[in-house]
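One letter stands for each residue in the lines below.
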Amino acid sequence: MIEEVKGSFEKQGFMKTLGAEIVHLEEGLVKIRCKKQESLLQQHGFFHAGVLTSLMDSACGYAALSTMSKGSDVLSVEFKTNLMRPAKSDVIIATGTVIKSGKTLVFCEAKMTDEKEETIFATLQGTMICLKN
C-alpha cells in the first residue's frame, strides 16, 4: 500500500497548497513536513491551528491507509485536537501513527512537532474508516 499512499497524497490539492510533503512512510506510520510560509500563519506569526489540524488529520489518514488492503480508501470519521502551545517554528512535522486497526475502523494518534521532533505543539486522536473500491 505504500505506493497507493504516495499516489493518493499527490492528488491532495490542499496538501499542495500548504506545501506539505511526506518525509517518512511505513506501514502504520506517516510523517508530513511543512515549511513556514506567511500564508499559513495567524495574526501573531504562529502556524494557524487549521494548518496543524489538517496536517495531523492527513498524517493519521495516510497511516491508516498504509495498513489497509489494496484497493481501499480512507476517510476521517472523527478527530479531537489538543493545541498545547503556539507553533512557532520554521518547519513543522505531523507524525501519524495507527494505534488499532480493525476491519472497518482504524484508530490513530498524531503529534505536531518542530523539525527536530522535540517540541510538541499539538496532538490529535482520530478514527478513520476503510472504504473498499
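Residues numbered from 1 in each chain as written. Predicted model: local features only at pLDDT ≥ 70, side-chain atom pairs only at ≥ 80, totals over all residues. Heavy atoms only, no water.

A. Representation of the nonpolar core in the model. Grouped together as the largest cluster of nonpolar side chains are 37 residues, with contacts concentrated most on Phe-47, Leu-55, Ile-92 and Met-112. In terms of residue count, the dominant contributor to this core is helix 3 (residues 49–65) (ten residues). If sequence neighbours within four positions are ignored, Phe-47 has contacts with Cys-34, Lys-35, Lys-36, Leu-40, Leu-41, Gln-42, Leu-52, Ala-87, Ser-89 and Ile-92. (Core = buried A, V, L, I, M, F, W, Y, C linked by side-chain atoms within 4.5 Å. Buried < 20%, exposed > 50% of the residue type's maximum accessible area, 1.4 Å probe, protein only. Helix = DSSP H or I, 4+ residues; strand = E, 2+ residues; numbered from the N terminus. Contact = heavy atoms within 4.5 Å.)

B. Molecular detail of the environment of Ile-2. For Ile-2, the location among the structural elements is in helix 1 (residues 2–10). Its relative accessible area of 29% is what places Ile-2 among the partly exposed residues. The spatial distance from the C-alpha of Ile-2 to the C-alpha of Thr-67 is 9.1 Å, given a sequence separation of 65 residues.

C. Fine view of the side chain of Arg-33. In this structure, Arg-33 sits in strand 2 (residues 29–35). Overall, Arg-33 belongs to the buried group, its relative accessible area being 18%. A polar atom in the side chain of Arg-33 sits 3.1 Å from the side chain of Glu-115. Once residues lying within four places of it in the same chain are set aside, the contact partners of Arg-33 are Gly-19, Ala-20, Glu-21, Val-23, Val-91, Ile-92, Ile-93 and Glu-115. (Polar contact = N/O pair within 3.5 Å; in protein donor to acceptor, adjacent residues only side chain to side chain.)

D. Just the state of the cysteines, in detail. Tallied over the full model, the rule gives zero disulfides. In this structure Cys-60 is not part of a disulfide, and its nearest cysteine sulfur, from Cys-108, lies 4.7 Å away. Exposure remark for Cys-60: the relative accessible area of 0% places this residue in the buried category. Classification of Cys-108 as buried rests on a relative accessible area of 3%. (Disulfide = S-S within 2.5 Å.)

E. Representation of the pattern of salt bridges in the model. Summed over the entire model, instances satisfying the criterion amount to five salt bridges. Two residues, Glu-4 and Lys-70, come together in a salt bridge whose shortest N-O distance is 3.6 Å. Note that Glu-4 is positioned in helix 1 and Lys-70 in the loop between helix 3 and strand 3 (72–83), a separation of 66 residues in sequence. Given the relative accessible area of 27%, Glu-4 is considered partly exposed. What you see here is one network of salt bridges that share partners, running through Glu-21, Arg-33 and Glu-115. (Salt bridge = Lys/Arg side-chain N within 4 Å of Asp/Glu carboxyl O.)

F. Summary view of the environment of Leu-41. Note on placement: Leu-41 falls in the loop between strand 2 and helix 3. Between the C-alpha atom of Leu-41 and that of Val-51, which follows or precedes it by ten residues, the distance is 8.5 Å. Apart from residues lying up to four places away in sequence, Leu-41 is in contact with Lys-36, Phe-46, Phe-47 and His-48.

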